[in-house]
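Each chain is listed here by its residues.
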Amino acid sequence: MQTPSGHPVESTSATRVVVLASGAGSNLAALLAAHDDPAYGARVVGVVSDRPAAGALDLARDAGVASAVVAPADFADRAEWDKAVGDAVAVFHPDLVVLAGFMRILSPRFVGRFEHRIVNTHPALLPSFPGAHGVRDALAHGVKVSGCTVHVVDAGVDTGPILAQAAVPVREDDDEAALHERIKVAERALLVETVGRIAREGLHVVGRRAVIGR
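What counts, and where the lines are drawn
- Residues numbered from 1 in each chain as written.
- Predicted model: local features only at pLDDT ≥ 70, side-chain atom pairs only at ≥ 80, totals over all residues.
- Heavy atoms only, no water.
- Axes fitted to C-alpha atoms, helices over the stretch in contact; angles between N-to-C directions.
- Helix = DSSP H or I, 4+ residues; strand = E, 2+ residues; numbered from the N terminus.
- Parallel < 35°, antiparallel > 145°, perpendicular 65-115°, else oblique.
- Left-handed = near helix turned anticlockwise from the far one by under 90°.
- Contact = heavy atoms within 4.5 Å.
- Nonpolar A, V, L, I, M, F, W, Y, C, P; charged D, E, K, R; others polar.
- Buried < 20%, exposed > 50% of the residue type's maximum accessible area, 1.4 Å probe, protein only.
- pLDDT = per-residue confidence, 0-100.
- Phe/Tyr/Trp six-rings, centres within 6.5 Å; stacked < 30°, edge-to-face > 60°.
- Lys NZ or Arg CZ within 6 Å of the ring centre and 35° of its normal.
- Core = buried A, V, L, I, M, F, W, Y, C linked by side-chain atoms within 4.5 Å.
- Polar contact = N/O pair within 3.5 Å; in protein donor to acceptor, adjacent residues only side chain to side chain.

J.: Got a minute to help me understand the packing of helix α1 (residues 26-35) against helix α6 (residues 176-201) in this structure?
T.: Between two packed helices, what matters for the description is the angle formed by their axes and the separation of those axes. The contact between α1 and α6 brings their axes to 9 Å, and the two run at 45°. Classified by the angle their axes make, α1 and α6 are oblique. Between α1 and α6 the crossing geometry is right-handed. Taken together, the residues of α6 that come into contact with α1 (itself represented by Ser26, Asn27, Ala30, Leu31 and Ala34) are Glu187, Arg188, Leu191, Val192 and Val195. Here the contact of α1 with α6 is built from residues that sort into 6 nonpolar, 2 polar and 2 charged.

In C-alpha cells, the structure reads:
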C-alpha cells in the first residue's frame, strides 16, 4: 500500500466519507465541490484507489485530502488485496464509504466490515441492467428511459437496497457514449444529494428497504 499524499487523517465533526475510485474521479470532484459547505454535513476525509495513475488521486491531492493506493499487483492474491483495501479505508474511520467509479468487486468480508455504510452509483435504473455494461445493455434492450441509481452495497453485484434514482430519457440517436454522458451528469447530482441527506438525516437499512431519515 502506497500513500501518495502525506496529509494526516483529518479530524472533523461532519459525517466522514471515504471515496473509492479507479478513474478520473468526476463523482469525487462533485463531492469535493459540495463538502466545504458546513451545511452539507459530510466531508471527504480519504480517497482509496486501486490504480496509481487514477485521476481521482490528483483531485484528492489538490483538495488536501489524504489518499492511498492499494494496487492488486502488490499482493499475492485477491483475498490479501481485499483485506488491504479494508485496512486502508479503516484508517480514515469512515462513517460512510462511497464507491465512485471503483471498478473492482469487493468481497462479502469487506462489505460486512462496513455493513450498511457503503453506497454505490450505477448508470441504470436498478434492478434492471446490473453489472459493468448497464448503459450498453439498456440500449440493446430498447428502453425509452434509462437513468442512474444510488444504492447500499451488499454482497451481490448491484443488488443492494435502493436509496435514490433519477430518470434520463433515451434519445432516438443515442449511442452508448452519448447516453452515458447524460447519465453521468444526473449521477453526480444524485450522489451529492444522497450523500448529503444521509449525513444530515441518517440511514437505516432493514432487509431490502433503505430509508434516509432519523
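J.: Sorry, what's going on with α1 here?
T.: For the α-helix, the turn length of 3.6 residues means that residues three or four positions removed from each other point alike. With 7 of 10 residues buried, α1 is to be regarded as a mostly interior element. Within α1 the residues assigned to the buried category are Asn27, Leu28, Ala30, Leu31, Leu32, Ala34 and His35. As for α1, its buried residues are in contact with β1 (15-20), β2 (42-49), α2 (55-63), β4 (96-99), β5 (118-122) and α6.

J.: When you look at unusual backbone geometry in this model, what are you seeing that I'm missing?
T.: Most peptide bonds take the trans form, and the phi angle of most residues other than glycine is negative. In the segment running from Leu126 into Pro127, the intervening peptide bond is cis, with an omega of 10°. Checked against the element boundaries, Pro127 lands in the loop between β5 and α5 (134-141). A positive phi angle, close to 65°, is found at His116, a residue other than glycine. Along the chain, His116 falls in the loop between α4 (108-113) and β5. Even without glycine at this site, Asp158 takes up a positive phi of about 60°. Here Asp158 is to be found in the loop between β6 (145-152) and β7 (162-169).

J.: Help me understand the confidence of the model for the chain, please; the structure alone is not making it clear to me.
T.: Parts of the model with low pLDDT should not have their predicted coordinates read in detail. On average, residues of the chain score 93 in pLDDT, and 94% of them reach the 70 mark or higher. Within the model, pLDDT remains below 50 along residues 1-7, and this stretch shows 20 contacts once partners closer than five positions in the same chain are excluded.

J.: I keep staring at the packing of α5 against α6 and nothing clicks. Help me out?
T.: Packing of α5 against α6 brings their axes to within 10 Å, and their N-to-C directions diverge by 120°. With respect to their mutual orientation, α5 and α6 come out oblique. By crossing handedness, the relation of α5 to α6 is classed as right-handed. Contact residues: Val135, Arg136 and Leu139 in α5; Glu176, Leu179, His180 and Ile183 in α6.

J.: How should I be thinking about the packing of aromatic side chains in this particular structure?
T.: Where two aromatic rings form a pair, the distance of their centres and the angle of their planes describe that pair. Inspection of every chain in the model, using the stated rule, returns 2 aromatic pairs. Where Phe110 meets Phe114, the ring centres are 5.1 Å apart and the plane angle is 50°; that geometry is what we call tilted. Above the ring of Trp81, the side-chain terminus of Arg104 is found at 5.9 Å from the ring centroid.

J.: What exactly am I supposed to notice about the nonpolar core here?
T.: Side chains of nonpolar character tend, in soluble globular proteins, to be buried together. Ranked by size, the top nonpolar core spans 45 residues in total, and within it Val19, Leu31, Val44, Val98, Leu163 and Val195 carry the most contacts. For this core, the leading source of residues is α6, giving 9 residues. The residues touching Leu31, leaving out its near neighbours within four places in the chain, are Val19, Tyr40, Val44, Val98, Leu191, Val192 and Val195. If you look at the next biggest cluster of nonpolar residues, it comprises 22 residues, including Trp81, Val85, Phe110 and Phe114.

J.: Honestly, the side chain of His122 in this entry has me stumped. Any pointers?
T.: On the secondary structure map, His122 appears in strand β5. Owing to a relative accessible area of 3%, His122 belongs among the buried residues under this scheme. Within polar-contact distance, the side chain of His122 engages the side chain of Asp158 at 3.3 Å. Ignoring anything within four residues of it in the chain, the contact list for His122 reads Phe129, Pro130, Gly131, Gly134, Gly147, Cys148, Thr149, Asp158 and Glu187.

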